Amino acid sequence: DRYALFDCGKSNERVTSSASFPLTTISAAKLLFGCASNEVEMLRPRATSALDALLGAYVRVVGFLTEKEKLLRSEKEPVVNVVANPWAANVSDPVAEVKKAKYDVSTEGLSLSLLPLLWNASRRTQSKSSRLAAARWSSELLLRLDNSNAYHLLCFLSGDNDATVNMIAKQALRVDKILGEDNSLVSDLIPPESDEIEGVTNRATFDMLMDTIVGSQSSMKNRRPKFADFHVCAQAASLRFLLLSLFS
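Keep in mind that this is a model prediction, so the values were computed, not measured. All chains use their own residue numbering, which begins from 1 and follows the written sequence. With the structure being a predicted model, the display of local features is reserved for residues of pLDDT at least 70 and the display and counting of side-chain atom pairs for 80 or more, all residues being used for whole-chain, interface and lining totals. To obtain the side-chain values, all non-hydrogen atoms of the structure were used and water was disregarded.

> Which residues make up the side chain of S158, and what are the values?
Secondary structure counts use DSSP, requiring at least four H or I residues in a row for a helix and at least two E residues in a row for a strand, with both numbered from the N terminus. With respect to the helices and strands, the residue S158 is situated in the loop between helix 6 (147-157) and helix 7 (163-173). A 1.4 Å probe rolled over the protein chains alone gives each residue an accessible area, and that area as a share of the maximum for its type sets the label: buried under 20%, exposed over 50%, partly exposed in between. With a relative accessible area of 1%, S158 lands in the buried category. Polar contact is defined as a pair of N or O atoms within 3.5 Å, subject to the rule that within protein one atom must be able to donate a hydrogen and the other to accept it, and that residues adjacent in sequence are counted only when both atoms are side-chain atoms. Reaching out from S158, the side chain makes a polar contact with the backbone oxygen of C155 at a distance of 2.5 Å. Beyond its immediate chain neighbours, meaning those up to four positions away, S158 contacts N166, A169, K170, L173, A234 and A237. The contact criterion used is simple: two residues touch if any of their non-hydrogen atoms lie within 4.5 Å.

> So what's going on with the environment of K170? Residues and values would help.
Topologically, K170 is positioned in helix 7. Taking the C-alpha atoms as reference, K170 lies 8.4 Å from L157; in sequence the two are 13 residues apart. Here K170 is in contact with S158, V175 and D176, once residues within four sequence places are set aside.

> Which residues make up unusual backbone geometry, and what values do they have?
Backbone phi values are negative for most residues with the exception of glycine, while trans is the configuration of most peptide bonds. Positioned with a positive phi, R174 is a non-glycine residue whose angle comes to about 65°. Structurally, the position occupied by R174 is in the loop between helix 7 and helix 8 (206-214).

> I'd love a proper account of the packing of aromatic side chains, names of residues and values included.
Any Phe, Tyr or Trp ring, taking Trp's six-membered ring, that has another such ring centre within 6.5 Å forms a pair; planes under 30 degrees apart are called stacked, those over 60 apart edge-to-face, and the others tilted. Counting across every chain of the model gives 6 aromatic pairs. An angle of 50° between the planes, with centres 5.4 Å apart, marks the rings of W119 and F156 as tilted. One end of the pair, W119, is in helix 4 (residues 110-121); the other, F156, is in helix 6, and 37 residues separate them in sequence. Overall, the relative accessible area of 8% leaves W119 in the buried class. Pairing Y151 with F241 gives two aromatic rings, centres 4.7 Å apart and planes at 45°, and the pair type is tilted. You can see Y151 sitting in helix 6 and its partner F241 sitting in helix 9 (residues 232-247), a full 90 residues away along the chain.

> Outline the side chain of R131, supporting the account with residue identities and numerical values.
If you trace the backbone, R131 turns up in helix 5 (residues 128-145). Separated by 2.8 Å, the side chain of R131 and the backbone oxygen of Q126 make a polar contact. Excluding its chain neighbours within four sequence positions, the residues that come into contact with R131 are A121, S122, R123, R124, Q126, D160, N161, D162 and V165.

By themselves, these figures tell us nothing about what the structure is for.
Encoded structure:
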């Protein structure tokens, strides 16, 4: 089973085809994040290296599935000229439907599984290795799956007291330049749609980002840190990011 890597080597006997496997399994990620948090200092670099390798595997698989989904969406049904032939009608191709069902590999639910794990790994009480891994996973994987929640977590991490962690977060938010060095508020930091981060689709709207990062009455039930709870450095980075999002 090619996806057994994500489940600590266990194969899923219920899956008849690897193409129908839902990528919601994060058992290996939980184990390695636990090692990055709780292992002795000498062994944490090994856990970090293993997390980087596992992250690369997730990114490759998610990228492959995203391209497969785009390919299936591009296979449109032939257009029938009803004006020339009133008796003609668009009839769905059963072979195409079977093909689509066969290769319907879903990453739905993966972000929901990752979010609690990454937020826990990002806490200030966690080790540097854990927070560093959370920043990498958020910027390289979660951003492809659920960019509004990924940006929320990255805004929080942009105030981390470790320079490497907060720089990864700021680079993902595109606010890593020093104020005054920006040639243009919008054009330099927010690229056009054609130059968006590779693999990121369905970019979150400004209203969605405001609701997720700053919070509203409807979102206060979620006790994850909001803008008011951020470190002052994270608040500054968040404000810049939100302004760039507003004017982009």
